[in-house]
Amino acid sequence: MALTTPAPCLLVIFGASGDLTQRKLIPALFALERQKRLPANFAVLGIARTALDDLAFRAEMSEVLAQAEADIDERQRFLNRLYYLALNTTDADAYAPLRERVLALDQALNLGDNILFYLSLPPKIYATVARGLENQALHRSESGAYRRLIVEKPFGYDLGSAQTLNRELRSVFLESQIYRIDHYLGKETVQNLLAFRFANGMFEPVWNRNHIMAVEMTASESVGVEQRGGYYEGAGALRDMVQNHLLQILGLVAMEPPGSLKSEALRNETLKVFQSLRPFDPSNFAENVVRGQYTQAQLRGETLPGYREEQGVSPDSRTETYVALKAYIDNWRWAGVPFFIRTGKRLPTRVTEVVIHFHPTPHPLFTPRGGDFNHNILILRIQPDDGILLKFGMKVPGTGFDIKSVNMDFHYSDLSDSWIPTAYERLLLDAMLGDQSLYIHGDATEACWHWLTPILQTWNQEPELPLHGYPAGTWGPLAADSILTNELAWRMPCKNLTDDDNFCEL
Ligand code: BG6
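Starting from 1, residues in each chain are numbered consecutively following that chain's sequence as written. Per-residue local features are limited, in this predicted model, to residues with pLDDT of at least 70; the limit for side-chain atom pairs, both in listing and counting, is 80 or more; totals at the level of whole chains, interfaces and linings are taken over all residues. Note that the side-chain values use all heavy atoms of the structure and ignore hydrogens as well as water.

Thoughts on the site of the ligand
Phase 1 of the analysis: Around the ligand, the neighbouring residues are K153, H183, Y184, K187, E221, R228, D240, M241, H245, K345, R350 and Q383.
Phase 2 of the analysis: The separation between an oxygen atom of the ligand and a polar side-chain atom of D240 is 2.6 Å.
Phase 3 of the analysis: Any pair of N or O atoms that falls within 3.5 Å is considered a polar contact. Within protein, one atom must be able to donate a hydrogen and the other to accept it, and sequence-neighbouring residues count only if both atoms are side-chain atoms. Between the ligand and H245 there is a distance of 2.7 Å, counted from an oxygen atom to a side-chain nitrogen or oxygen.
Phase 4 of the analysis: Where accessible areas are quoted, they stem from the Shrake-Rupley method and a 1.4 Å probe; at the residue level, only the protein chains shown are allowed to cover. Protein chains bury 81% of the 400 Å² of accessible surface belonging to the ligand in isolation.
Phase 5 of the analysis: The dominant element in the shell around the ligand, judged by the number of residues it contributes, is helix 9 (residues 237-254), at three residues.
Phase 6 of the analysis: Polar here means any residue other than Ala, Val, Leu, Ile, Met, Phe, Trp, Tyr, Cys and Pro, which are nonpolar, and Asp, Glu, Lys and Arg, which are charged; Gly is therefore polar. For the shell around the ligand, the class distribution of residues is two nonpolar, three polar and seven charged. In these notes, residues near a molecule or strand are those with any non-hydrogen atom within 4 Å of it. Where helices and strands are cited, they refer to DSSP runs of H or I of at least four residues and of E of at least two residues respectively, numbered from the N terminus.

Next up, the structure:
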């Protein structure tokens, strides 16, 4: 990562009393402070409804930092950079106090008139905030300083709402000012997909339909919906994980080599992938899409609640907590190669990985004779135990020619102790530096929704389509096996990259 320090700036966080601010943003900013990556002239202005003053806000945030192993002076130095303003953000005509406060902070702290606005709010008020900022002329700077708008997910809930949101935000801000966040793109190992593909001359020549039989992508979580039942009821696995995180990973796995690492070049290439996704055929829906919902189960003497028993969830909910899809990318490189994508909550373990299945050898010299090897598999593990594993066949010593599957592996943890920024550290720093490479372009968001919205519509219009129950702690509905082709079976990944293909328990 470049060691450039950003220019002085003010970060305005809308939704400062929310969960994201406390769990991710403040800890990430503190970590950046400790790594000396923040500019010397830097301040955070938290905005929420509750009447608090700066000191009370600092006291709340100091509890958030309590776990960090930092000394008191370090913590206090950071807390002194935090300010607070109570504001009714839902009224676009009530933003005058924000302008006053921003100008006062800018002058007092010499912040160069650069401002980032971070929207950690329900998306339905994004447009109001944009208008409120416009009303106070906070969306543009006369002095040539920057104004940037960072927007949290969900970015719309279908194609129509995403288009409306884009239109509303773009009526105030330029696309070059809008930073749509997907925290998966901030993960070091997701970015490494680019390095792996394009820094190594040996993989790119085989990265296509001639050598790759199928690609499997898994994002499994062992947790349930936790305290977010209310949000999740209106979202479901497809919107929550596939529309954003998994499709962004797919974009990096499938894209053509970009001309450079500039944000426009990178984002153009992933956009082309999204635009090439084959539209769903409603006539063979069940062969391509399977959904599920976790049910109550006993695990290690503990009763895990079913989704319908979770707080904020309707007792007859039909929201999917698991989805498996078969996708095709209709372009020259990937014609005919299936991409199997699955994600779910309350699966046996937390793993995100991409599995590349290479074609078996054209002539089966060895396989009929025994052994457990069929074809080469490359696993790009994103989390946890991040790393890369290649499976290949070796002769079992002794008489005969039995072939055994063996592993060649690399674990990130073997690298030196260099600083690996968390996703939010990396993304906040990039936004301060004006680098949009790891942020999603509005057109890409729409292209992803364009592909997925017909699935949501089909579920809506045909409620009798099955929603398969799966006991909490299992790998999801058996029906998901039916979407696989080429005699493949879903991999059962373990927490440990090399200890694979074993069933894991929560
Ligand atoms: C979020 C989803 O975007 O990503 C959550 O809303 C999910 O439901 C989370 O748990 C997963 O992120 P990570 O970084 O823990 O894999």
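Concerning the sheet that holds strand 11 (residues 322-328)
Phase 1 of the analysis: Taking strand neighbours across the sheet as the criterion, the nine strands line up as 16-15-14-13-7-12-11-8-17 in an open arrangement whose pairing is mixed. Two strands lie at the open edges of the sheet, namely strand 16 (403-411) and strand 17 (468-471), each paired on one side alone. Across the sheet, the mean angle from the axis of one strand to that of its neighbour is 20°, orientation sign disregarded.
Phase 2 of the analysis: Here strand 7 (residues 212-220) runs beside strand 13 (residues 351-358); their pairing, made up of eight bridges, is antiparallel. Residue pairing across strands places M217 opposite V354, the latter belonging to strand 13.
Phase 3 of the analysis: Two residues form a contact once any of their heavy atoms are found within 4.5 Å. Axis lines are fitted through C-alpha atoms, for helices just across the contact stretch, and the angle between N-to-C directions can take any value from 0 to 180 degrees. Packing of helix 7 (residues 188-199) onto the sheet brings it into contact with strand 14 (377-383) and strand 15 (387-395), and relative to strand 14 it is tilted by some 145°.
Phase 4 of the analysis: Along the sheet face, helix 12 (residues 442-461) touches strand 8 (289-295) and strand 11 and points at about 130° away from the line of strand 11. Pairs of strands are assigned from DSSP output, requiring at least two bridges between the strands.

A word on helix 10 (residues 263-275)
Phase 1 of the analysis: Take the residue count of a helix, subtract one, and multiply by 1.5 Å to get its expected span. With 13 residues, helix 10 ought to run about 18 Å at 1.5 Å a step, and its terminal C-alpha atoms sit 18 Å apart, in line with that.
Phase 2 of the analysis: Within helix 10, burial applies to S263, A265, L266, R267, E269, T270, L271, V273 and F274.
Phase 3 of the analysis: Those residues of helix 10 that are buried are in contact with helix 7, helix 9 and helix 12. Whether a residue is buried, partly exposed or exposed follows from its accessible area with a 1.4 Å probe, protein chains only, as a fraction of its type maximum: under 20%, in between, or over 50%, in that order.

Some details on the packing of helix 1 (residues 19-34) against helix 11 (residues 423-433)
Phase 1 of the analysis: With their axes 9 Å apart at the nearest point, helix 1 and helix 11 run at an angle of 70° to one another. With respect to helix 11, the element helix 1 is oriented roughly perpendicular. Of the two possible hands of crossing, helix 1 and helix 11 adopt the one that is right-handed. On helix 11, the residues that touch L20, K24, L25, A28, L29, A31 and L32 of helix 1 are Y424, E425, L428, L429 and M432.
Phase 2 of the analysis: Considering only residue class, the contact of helix 1 with helix 11 consists of 10 nonpolar, no polar and two charged. An angle below 35 degrees is treated as roughly parallel, one above 145 as roughly antiparallel, one from 65 to 115 as roughly perpendicular, and anything else as oblique. Two helices cross in a left-handed way if the nearer one is turned anticlockwise from the farther one by less than a right angle. They cross in a right-handed way if the turn is clockwise.

Comments concerning the sheet that holds strand 1 (residues 9-14)
Phase 1 of the analysis: Spatial strand order, 3-2-1-4-5-6: six strands in an open sheet with parallel pairing. Two strands bound the open sheet, and with one partner strand each, they are strand 3 (82-86) and strand 6 (178-180). Ignoring which end each strand starts from, the neighbouring axes of this sheet average 20° apart.
Phase 2 of the analysis: Here strand 4 (residues 115-119) pairs with strand 5 (residues 147-151) via five bridges, running parallel.

Remarks on the pattern of salt bridges
Two side chains bearing opposite charge may form a pair once their charged atoms approach each other closely.
Phase 1 of the analysis: Each reported salt bridge corresponds to a side-chain nitrogen of Lys or Arg within 4 Å of a carboxyl oxygen of Asp or Glu. Scanning the model with the defined rule gives 18 salt bridges in all.
Phase 2 of the analysis: Between R197 and E204 there is a salt bridge, with its nearest N and O atoms 3.3 Å apart. The exposure classification of R197 matches that of E204, with both residues buried.
Phase 3 of the analysis: Where K272 meets E269, a salt bridge forms, and the shortest distance between an N and an O atom there is 3.3 Å. One end of the pair is K272 and the other is E269, both in helix 10 and three residues apart, which spans about a single turn.
Phase 4 of the analysis: Residue K272 is classed as partly exposed on the basis of its relative accessible area of 44%.
Phase 5 of the analysis: Several salt bridges share partner residues, and in doing so they unite R170, E175, R180 and D443 into one network.

With respect to the side chain of R346
Phase 1 of the analysis: Position of R346 among the secondary structure elements: in the loop between strand 12 (338-344) and strand 13.
Phase 2 of the analysis: Residues scored as positive are Lys and Arg, those scored as negative are Asp and Glu, and His as well as the terminal groups of each chain are ignored. Notably, R346 is buried but unbridged: the nearest opposite-charge side chain belongs to E310, and the N-O separation is 4.7 Å.
Phase 3 of the analysis: In terms of polar contacts, R346 uses its side chain to reach the backbone carbonyl oxygen of S222, at 3.2 Å.

Points about the packing of aromatic side chains
Phase 1 of the analysis: Aromatic rings from Phe, Tyr and Trp, taking only the six-membered ring of Trp, are treated as a pair when their centres fall within 6.5 Å; an angle between ring planes under 30 degrees marks them as stacked, one over 60 as edge-to-face, and anything in between as tilted. Applying the stated criterion across every chain yields a total of 16 aromatic pairs.
Phase 2 of the analysis: Plain terms: the ring middles of Y232 and Y307 are 5.9 Å apart, the flat faces sit at 65° to each other, and that makes the pair edge-to-face. Here Y232 is found in helix 8 (residues 229-233), whereas its partner Y307 is found in the loop between strand 10 (302-304) and strand 11, with 75 residues between them in sequence. We note that Y232, like Y307, is buried.
Phase 3 of the analysis: Following the ring pairs from residue to residue traces out a cluster consisting of Y231, Y232, Y294, Y307, Y322 and Y470.
Phase 4 of the analysis: In our convention, an over-ring charge means Lys NZ or Arg CZ found within 6 Å of a ring centre and within 35 degrees of that ring's normal. Over the face of the ring belonging to Y83 we find R58, whose NZ or CZ atom lies 5.0 Å from the ring centre.
Phase 5 of the analysis: Here the basic side chain of R148 rests over the ring of Y146, its NZ or CZ set 3.5 Å away from the ring centre.

Some words on empty space enclosed by the protein
Phase 1 of the analysis: As defined here, a cavity is a set of points on a 1 Å grid over the protein atoms alone where a 1.4 Å probe fits but cannot get out. A pocket is an open set with protein on both sides within 12 Å along at least five of seven lines, and residues line them when an atom is within 4 Å of a point. Grid points are joined across faces, edges and corners, and a volume is the space filled by probe spheres set on the points. Summed over all chains, the structure comprises three cavities of 30 Å³ or more.
Phase 2 of the analysis: Looking at the largest cavity, it is lined by 14 residues, and the ones nearest its centre are L185, Q248, L252, T270 and S437.
Phase 3 of the analysis: If you list the elements that add at least two residues to the lining of the largest cavity, you get helix 7, helix 9 and helix 10.
Phase 4 of the analysis: Residues that form the lining of the largest cavity fall into these classes: eight nonpolar, five polar and one charged.
Phase 5 of the analysis: The volume enclosed by the second largest cavity comes to roughly 120 Å³.
Phase 6 of the analysis: Taken together, the elements giving at least two residues each to the lining of the second largest cavity come down to helix 9 and helix 12.
Phase 7 of the analysis: With three residues, helix 9 is the single largest residue contributor to the lining of the second largest cavity.
Phase 8 of the analysis: Across the lining of the second largest cavity, the residue classes tally to five nonpolar, four polar and four charged.

In short, the description is geometric, and any link to function would need to be established separately.
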